[in-house]
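Working through the structure, step by step
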There are 2 protein chains.
Amino acid sequence: MATENTNGMAFDYADRIVKQVLTAWDGQNKHADKFINKYDDAFYLNEVAPGKNRAIYLIGHLIAVNDDLLRILGLGERLYKDLDEAFIDNPDKAIQHIPSISELKEKWNNINKILNDHFSKMSVSDWMSRHMSVSEADFAKEPHRNKLNVLLTRTTHQAYHIGQLNLINGD
Amino acid sequence: MATENTNGMAFDYADRIVKQVLTAWDGQNKHADKFINKYDDAFYLNEVAPGKNRAIYLIGHLIAVNDDLLRILGLGERLYKDLDEAFIDNPDKAIQHIPSISELKEKWNNINKILNDHFSKMSVSDWMSRHMSVSEADFAKEPHRNKLNVLLTRTTHQAYHIGQLNLINGD
């Protein structure tokens, strides 16, 4: 009886904790959303600090990183791999032709909608399964290298850059 | 049988996920540690961007917020509540007399050691119990307002400010 209770509660716990991590992830996306929709397009060409990344670069970077979740979580082909050159593989201003902020906004909204659709169907077991950048052999030895861990690291990664973006508007 | 297996796995899952959240928390502390121990004392008087918070302010802020975990997680009395005036209740430069960076370093190391000692003894059930800023009645209706959720929000909060701190050194 005691064991059953413990296990029963533990099951609820795992489910609840996964939901809480998803809420944390979603919270960071909402912070970024708010920033992305707050200003005129020209504003996003400002640097977060003198000589540092422009807002448009960090926004493109966050889109490319979110888009890569499709691959690393095994959810399907990436939609915007072409963003990597300007926003992941190279520093800001290295690539001259980049998408406009309105194009980026559309991609941001689209990738996040698609991710949330996938996430809403994923079970605790799905989240605890290996991500696509770790081999089955390595995952057997290091079971924390699961999909939920990817989402955790991406959540703090977003917070890191949102902290920088918010320096522009005085927050 | 199937149920037992499911529950048994779920128990492992909850335990594993809590560990992963603790690792994420610890990772942010390590990033902050690295920053705090990287430069001469005078460096920390720099602003993260012109007219923005100084590094010493953000460091004091992170210490005060970590210290407040003792209270909100019900682990005991706060050690450094006197930091709140300069680093939480007021913006940077509003309070003239603040501790030196070497005093702050000592407090940072001490509070994090104490927190980690507490955390190493906490079970999944402990983490899923209510935090001290929510009433029992509200917690019954909103069980996600638990201690683990506090740790999640503090983890993204740290990442947010570390992103800002790292603007100073060109990262």
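Calculation criteria
- Once a new chain begins, its residue numbering starts again from 1 and follows that chain's sequence as written.
- Following the order in which they are written, the chains are lettered starting with A and the ligands numbered starting with 1.
- In keeping with the predicted nature of the model, local features appear solely for residues at pLDDT of at least 70, side-chain atom pairs appear and are counted solely at 80 or more, and the whole-chain, interface and lining totals rest on all residues.
- Each side-chain value is derived from all of the structure's non-hydrogen atoms; neither hydrogens nor water enter the calculation.
- Each helix is a run of DSSP H or I of at least 4 residues and each strand a run of E of at least 2, with the numbering of both proceeding from the N terminus.
- Only protein chains enter the calculation, and the probe is 1.4 Å; a residue is then buried if its accessible area is under 20% of its type maximum, exposed if over 50%, and partly exposed in between.
- What makes two residues a contact is simply this: any of their non-hydrogen atoms within 4.5 Å.
- Neither His nor the chain termini are counted; the positive set is Lys and Arg, and the negative set is Asp and Glu.
- Just so you know, the charge point we use is NZ for Lys, CZ for Arg, CG for Asp and CD for Glu.
- Two parts placed together each lose some accessible area under a 1.4 Å probe, and the buried area is that loss summed for both.
- A carboxyl oxygen of Asp or Glu within 4 Å of a side-chain nitrogen of Lys or Arg is what we treat as a salt bridge.
- The classification used treats Ala, Val, Leu, Ile, Met, Phe, Trp, Tyr, Cys and Pro as nonpolar, Asp, Glu, Lys and Arg as charged, and all other residues, Gly among them, as polar.
- For this analysis, a nonpolar core means a set of buried residues of the types Ala, Val, Leu, Ile, Met, Phe, Trp, Tyr and Cys, connected via side-chain atoms within 4.5 Å.
- The least-squares superposition of copies is restricted to C-alpha atoms, and to residues with a pLDDT of at least 70 in both copies.
- Under the pairing criterion, centres of Phe, Tyr and Trp rings, with the six-membered ring standing for Trp, must be within 6.5 Å; the plane angle then separates stacked pairs below 30 degrees from edge-to-face pairs above 60, leaving the rest tilted.
- A residue's pLDDT is simply how confident the predictor is in it, with values from 0 to 100.
- Any helix carries an expected span of 1.5 Å times its number of residues minus one.
- When we speak of the arc, we mean the arc of directions from the helix axis to the C-beta atoms.

Topic: the overall build of chain A
Each helix and strand counted, chain A has 7 helices and 0 strands in total. Considering only C-alpha atoms, chain A reaches an extent of 65 × 35 × 25 Å along its principal axes. Across the 171 residues in chain A, those meeting the buried criterion constitute 51%. Across chain A, contacts joining residues at least 24 apart in sequence account for 67% of those joining residues at least 6 apart. The centroid of the 20 positive side-chain charges in chain A is displaced by 2 Å from the centroid of its 24 negative side-chain charges.

Quick notes on the interface of chain A and chain B
Tallying the contact residues gives 36 residues for chain A and 38 residues for chain B. Counting the surface lost from both chain A and chain B, the interface buries some 3200 Å², and carbon and sulfur atoms represent 70% of this. There are 0 salt bridges connecting chain A and chain B. Looking at the side of chain A that touches chain B, the elements that each hand over two or more residues are α1 (2-36), α5 (124-127) and α7 (147-165) of chain A. Examining the composition of the side of chain A that touches chain B, we find that 13 residues originate from one element, α1(A), more than from any other. Classifying every residue of the side of chain A that touches chain B gives 19 nonpolar, 15 polar and 2 charged.

Let's talk about the pattern of salt bridges
Scanning the entire structure with this criterion turns up 26 salt bridges over all chains. One salt bridge in this structure joins A:R71 and A:D68, with 2.7 Å as the shortest N-O distance. In this pair, A:R71 and A:D68 are both assigned in helix α2 (residues 55-72), 3 residues apart and thus about one turn of the helix distant. When its relative accessible area of 36% is taken as the criterion, A:R71 is described as partly exposed. The class of A:D68 is buried, set by a relative accessible area of 13%. Of the charged contacts in the structure, one is a salt bridge between B:K113 and B:D117, with a shortest N-O distance of 3.1 Å. One end of the pair is B:K113 and the other is B:D117, both in helix α4 (residues 101-120) and 4 residues apart, which spans about a single turn.

As for unusual backbone geometry
Residues and elements named next belong to chain A. Look at K93: it is not a glycine, yet its phi comes out positive at around 75 degrees. Along the chain, the position of K93 falls in the loop between α3 (84-87) and α4 (101-120). The exposure class of K93 is partly exposed, given its relative accessible area of 46%.

Some details on the nonpolar core
Counting residues in hydrophobic clusters, the biggest one holds 101 residues, and the most contacted among them are A:F119, A:W127, B:F35, B:Y44, B:F119 and B:W127. Not counting residues up to four positions away in its chain, the partners in contact with B:Y44 are B:F35, B:I36, B:N37, B:K38, B:Y39, B:R54, B:A55, B:I56, B:I59 and B:I101.

Some thoughts on the relation of the copies chain A and chain B
Mapping chain A onto chain B calls for a rotation angle of 180 degrees and an axial translation of 0.0 Å; the resulting RMSD is 0.0 Å. The superposition operator between the copies reduces to a two-fold rotation axis. A share of 100% of interface residues in chain A that are also interface residues in chain B marks the association as one of identical surfaces.

Considering the side chain of B:N112
Within the secondary structure, B:N112 is located in helix α4. Here B:N112 is in contact with B:N29 and B:N66, once residues within four sequence places are set aside.

Quick notes on the packing of aromatic side chains
Residues and elements named next belong to chain A. One pass over the structure, following the stated rule, counts 18 aromatic pairs over all chains. Each ring, one from Y39 and one from Y44, has its centre 6.0 Å from the other, and the planes form 70 degrees; the classification is edge-to-face. In textbook terms, an aromatic cluster arises when at least three aromatic residues are bridged by ring pairs, as seen for F35, Y39, F43 and Y44.

A look at the confidence of the model for chain A
All names here are of chain A. For chain A, per-residue confidence averages 93 on the pLDDT scale, and residues scoring 70 or more make up 92% of the total. Long-range and interchain partners of residues 1-6, a stretch whose pLDDT sits below 50, account for 1 contact in this model, where long-range means more than four residues apart. As a predicted assembly, this complex carries a pTM of 0.93 together with an ipTM value of 0.93.

So, α4(A)
Residue and element names in this part refer to chain A. With 20 residues, α4 should reach 28 Å at 1.5 Å per residue; the first-to-last C-alpha distance of 28 Å fits that figure. Of all the residues in α4, the buried ones are I101, L104, K105, K107, W108, I111, N112, L115 and F119. All buried residues of α4 lie within an arc of 165 degrees about the axis, which places them on one face of the element. Facing away from the buried side of α4 by over 90 degrees, the exposed positions are E106, K113 and S120.

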